[in-house]
Amino acid sequence: MAGGRHSSTRDERGGRSLGFYVVCAAVVIGLVVSVVVIVQAVRSWTGGCDHLVDYTLAADPSIAPAVTDILSAAKDTDTGCATIAVSAATSGDIAGRLGKGADAPDLWIPDTGAWVGKAALTAAGPVEVMTGSVASSPIVLVSREGEAPAAETWLAALQLKELQLGNPLVTGVAQGPIDAALAEGRSDPVSAGTVRAALVPLAQEESARTADEPIGEEMLRGVADNGGVAVATEQAVVNYNADTGQALAATVPATGSTFVNYPLVVTSPAPDRHYKATQVARAVAGVLGSDSARTVLQNSGFRGPDGSPLPDGRGIGEVPELGPVDETVLQEALGAWALMALPIRTLVAIDVSGSMETPAGNRSRMDLTVDAALAGNAMFPDSVSAGLWAFSQGLGGGPQDYREMVPIRRYDTVVDGLTQRQIMAQQAEKVDGLVGGATGLYDTALAAFRTVQESYDPRAVNSVIILTDGANEDPDSITKEQLLRILEREQDPARPVIIVTIGITDDADAATLAEISRVTGGSSYVAKDPADISNVFVNALAARGR
């Protein structure tokens, strides 16, 4: 009985039946479910984010700091549950990068909307404007206080002696005065030609430049230290004066000015990613359009999208806006600039296969090709950069079909007491002694293309010029299809390299040479008469189109 009472006491005070635990478990599960439901409900009510997704935004360097500050202060829910990594990059750089796709940002804020249409022509994916303007700022002429230029029009401003314009192929700020000058003469049929003529000395100065061009604060510092007149935005001048305590003067001609307008653009190339980036962009547009964001932008010297003057007397006050000109007219002017401003930079590859010894009159194809190279070498200015390769199967040792005779350098570069021009002439005369073997065209073309691209100069037309009298004869090389596919894939719109091909006599594989040139945007020539090689080569070297 005692044992029975112990058992009874355990059941009543300490033990629990299986049913009791089942009931308790059910209650606990119910509570957990309730808590989860409540948490999810609260998350729904408050708009919380279960997780964040990373997105990239490339912004023009002038506005990138303000955009970073604004988005850093925003709640995750305000940015569409996205973490936005902001980087600074010039508009020309991103416009080119979009053609590659792999290196494209998800979102983009260029300095002007003109870049959007240009980028869309070559972009690997869709380019979609989310909002036409995040902020704005008028283009101005900058000088030291008391030294403001007397320019009644933007055309007159472009003709100012030693005007620091900048490179309009890189920034919208430098495009502004060109656009404004074209807008001033909209009703004058000869105005566009007058504007292009005014660009000639500015473009030639750009062509002669040997160092990177100063932009932004660096350009303003140059004006403060050395005087002169530079092109900038009101925002840049307001910011510079506030940061340095200086008093640079900003003015515009009486006709008014154009404005940079900083659109927000969706540029993610992959369709699914682009769709999601569009949702994020809508949220980002809302953040950048908020009152708090406007305050940050205004404190950084930016006007609102409507171009209203800055408060507290900052800046230059009311500015009549010169409406944009037809995009085709602007692009033609910029195309003219490119032709005038970009010097030649090329790698010349000469075929030295055995067939180049074929007689051509009382000389050989090789003799005439060397004469052509020497003629081109003698006639071009010091701003030209050139290098020289010779190629035939196995010439470089083992499977390599090419040999570097001279690396690419400017003609006025001095090496061991000789200028690059003299070195090129000396080495060109030596290629005749290398003649022999089969034609190694495909591997050479690809290697030359990559060499020029790796050492790309953004201030020049970068090219490869191939002179050959035959077709590819290297059985161990890549195929024509592989070559064309690789060239097309590796061509970078931001760092374009063209291949110009010159077929020597009808023995050359003209169709293949034309395909190689076409896929890189270059030109192809055939010198049917060996005596024409010199003229054809000089014309090809002078060609500056891309």
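Each remark here, short or long, concerns the structure printed above.
Residues numbered from 1 in each chain as written. Predicted model: local features only at pLDDT ≥ 70, side-chain atom pairs only at ≥ 80, totals over all residues. Heavy atoms only, no water.

## Description of the overall build of the protein
Right, on to step 1. If you tally the helices and strands in the protein, you get 19 helices and 19 strands.
Right, on to step 2. Looking at the 546 residues of the protein, the share that counts as buried comes to 46%.
Right, on to step 3. Within the protein, contacts between residues at least 6 apart in sequence are counted, and of these 77% link residues at least 24 apart. (Helix = DSSP H or I, 4+ residues; strand = E, 2+ residues; numbered from the N terminus. Buried < 20%, exposed > 50% of the residue type's maximum accessible area, 1.4 Å probe, protein only. Contact = heavy atoms within 4.5 Å.)

## Points about helix α5 (residues 114–122)
Right, on to step 1. Residues of α5 that are buried: W115, V116 and A119. Here the buried residues of α5 occupy an arc of 100° about the axis, which is enough to place them on one side.
Right, on to step 2. On its buried face, α5 is in contact with α4 (91–97), β3 (107–109), β4 (128–131), α7 (172–184) and β9 (264–266). (Arc of directions from axis to C-beta.)

## Some remarks on the pairing of strand β10 (residues 344–351)
Right, on to step 1. Among the eight residues that make up β10, eight are buried, leaving the element largely enclosed by the rest of the structure.
Right, on to step 2. Looking at chain direction, β10 and strand β17 (residues 461–468) are connected through seven bridges and run parallel. Of the residues in β17, the one forming a bridge with V348 is I465.
Right, on to step 3. Across seven bridges, the pairing between β10 and strand β13 (residues 385–391) is parallel. Directly across from I350, in β13, lies its bridge partner A390. (Pairing = 2+ DSSP bridges.)

## Some words on the state of the cysteines
Right, on to step 1. Applying the stated criterion across every chain, the model contains one disulfide.
Right, on to step 2. Each sulfur in the disulfide pair C49 and C81 lies 2.0 Å from the other. Sign of the S-S torsion, about -85° for the bond between C49 and C81, identifies this disulfide as left-handed. You can see C49 sitting in the loop between α2 (18–46) and β1 (53–59) and its partner C81 sitting in the loop between α3 (64–73) and β2 (82–88), a full 32 residues away along the chain.
Right, on to step 3. Its relative accessible area of 23% is what places C49 among the partly exposed residues.
Right, on to step 4. The exposure class of C81 is partly exposed, given its relative accessible area of 22%. (Disulfide = S-S within 2.5 Å.)

## Focus on the nonpolar core
Right, on to step 1. Counting 96 residues, the largest nonpolar core has I63 and I109 as the members making the most contacts within it.
Right, on to step 2. Of the residues forming this core, the biggest block, seven residues, is contributed by α7.
Right, on to step 3. If you look at the next biggest cluster of nonpolar residues, it comprises 26 residues, including A445, L446, L483 and L487. (Core = buried A, V, L, I, M, F, W, Y, C linked by side-chain atoms within 4.5 Å.)

## Quick notes on the packing of α3 against helix α12 (residues 291–299)
Right, on to step 1. For the pair α3 and α12, interaxial distance at closest approach is 10 Å and the crossing angle is 150°. With respect to each other, α3 and α12 are oriented roughly antiparallel. Here α3 runs over α12; the crossing is right-handed. Touching A66, D69 and I70 of α3 are A293, V296 and L297, all from α12.
Right, on to step 2. Tallied by class, residues from the contact of α3 with α12 come to five nonpolar, no polar and one charged. (Axes fitted to C-alpha atoms, helices over the stretch in contact; angles between N-to-C directions. Parallel < 35°, antiparallel > 145°, perpendicular 65-115°, else oblique. Left-handed = near helix turned anticlockwise from the far one by under 90°. Nonpolar A, V, L, I, M, F, W, Y, C, P; charged D, E, K, R; others polar.)

## Some details on the pairing of strand β19 (residues 524–527)
Right, on to step 1. Where strand β18 (residues 497–504) lies against β19, four bridges are found, and the strand directions are parallel. Within β19, the position partnered with I502 by the bridge is Y525.
Right, on to step 2. On the question of chirality, the crossover connecting β18 to the parallel β19 by way of helix α18 (residues 510–520) is right-handed. (Right-handed = clockwise from strand over helix to strand, strands pointing away.)

## Describing the environment of R495
Right, on to step 1. Locating R495 in the fold gives a position in the loop between α17 (480–490) and β18.
Right, on to step 2. Between the alpha carbons of R495 and V452 there is a distance of 9.7 Å; along the sequence they are 43 residues apart.
Right, on to step 3. In contact with R495, other than residues within four places in its own chain, are Q453, E454 and Y456.
Right, on to step 4. At 2.8 Å, the side chain of R495 and the backbone oxygen of Q453 are in polar contact. (Polar contact = N/O pair within 3.5 Å; in protein donor to acceptor, adjacent residues only side chain to side chain.)

## A short note on the side chain of Q175
Right, on to step 1. Locating Q175 in the fold gives a position in helix α7.
Right, on to step 2. Ignoring sequence-local partners within four residues, the contact set of Q175 consists of A114, W115, P168, L330 and L334.

## Brief notes about helix α9 (residues 217–226)
Right, on to step 1. If you check which residues of α9 are buried, you get M219, L220, V223 and A224. An end-on view of α9 places all buried positions within 140° of arc, on one side of the element. Opposite the packed face of α9, turned more than 90 degrees from it, sit the exposed residues D225 and N226.
Right, on to step 2. Along its buried surface, α9 packs onto β5 (137–143), β6 (230–233) and α10 (234–244).
Right, on to step 3. Phi turns positive one or two residues past the end of α9, at G227, with a value near 80°.

## Some remarks on the pattern of salt bridges
Right, on to step 1. For the structure on display, the rule yields 14 salt bridges.
Right, on to step 2. In this structure, R365 and D507 form a salt bridge, with 2.6 Å as the shortest nitrogen-oxygen distance. Of this pair, R365 sits in helix α14 (residues 365–379) while D507 is found in the loop between β18 and α18, placing the two residues 142 residues apart along the sequence.
Right, on to step 3. On the basis of relative accessibility, which here comes to 6%, the residue R365 falls in the buried class.
Right, on to step 4. The salt bridge partner of R421 is D382, with a shortest N-O separation of 2.9 Å. Of this pair, R421 sits in helix α15 (residues 420–428) while D382 sits in the loop between α14 and β13, and the two are 39 residues apart along the sequence.
Right, on to step 5. Look at the salt bridges and you will find they share partners, linking D93, R97 and D103 into a network. (Salt bridge = Lys/Arg side-chain N within 4 Å of Asp/Glu carboxyl O.)

## Focus: the side chain of N462
Right, on to step 1. Relative to the helices and strands, N462 resides in strand β17.
Right, on to step 2. Overall, the relative accessible area of 1% leaves N462 in the buried class.
Right, on to step 3. One polar contact links the side chain of N462 to the main-chain carbonyl oxygen of D457, over a distance of 2.8 Å.
Right, on to step 4. A polar contact is formed between the side chain of N462 and the backbone oxygen of A460, at a distance of 2.9 Å.
Right, on to step 5. Excluding anything up to four places from it in sequence, N462 contacts R345, V452, Y456, D457, P496, V497 and I498.

## Structural notes on the packing of α3 against helix α11 (residues 271–288)
The axes of two packed helices give the description: the angle between them and the distance between them.
Right, on to step 1. Close contact between α3 and α11 brings their axes to 10 Å; oriented N to C, the two are set at 100°. On the basis of their axis angle, the class for α3 and α11 is roughly perpendicular. Seen from α3, the contacting residues are V67, I70 and L71; seen from α11, they are V284, V287 and L288.
Right, on to step 2. In terms of residue class, the contact of α3 with α11 is built from six nonpolar, no polar and no charged.

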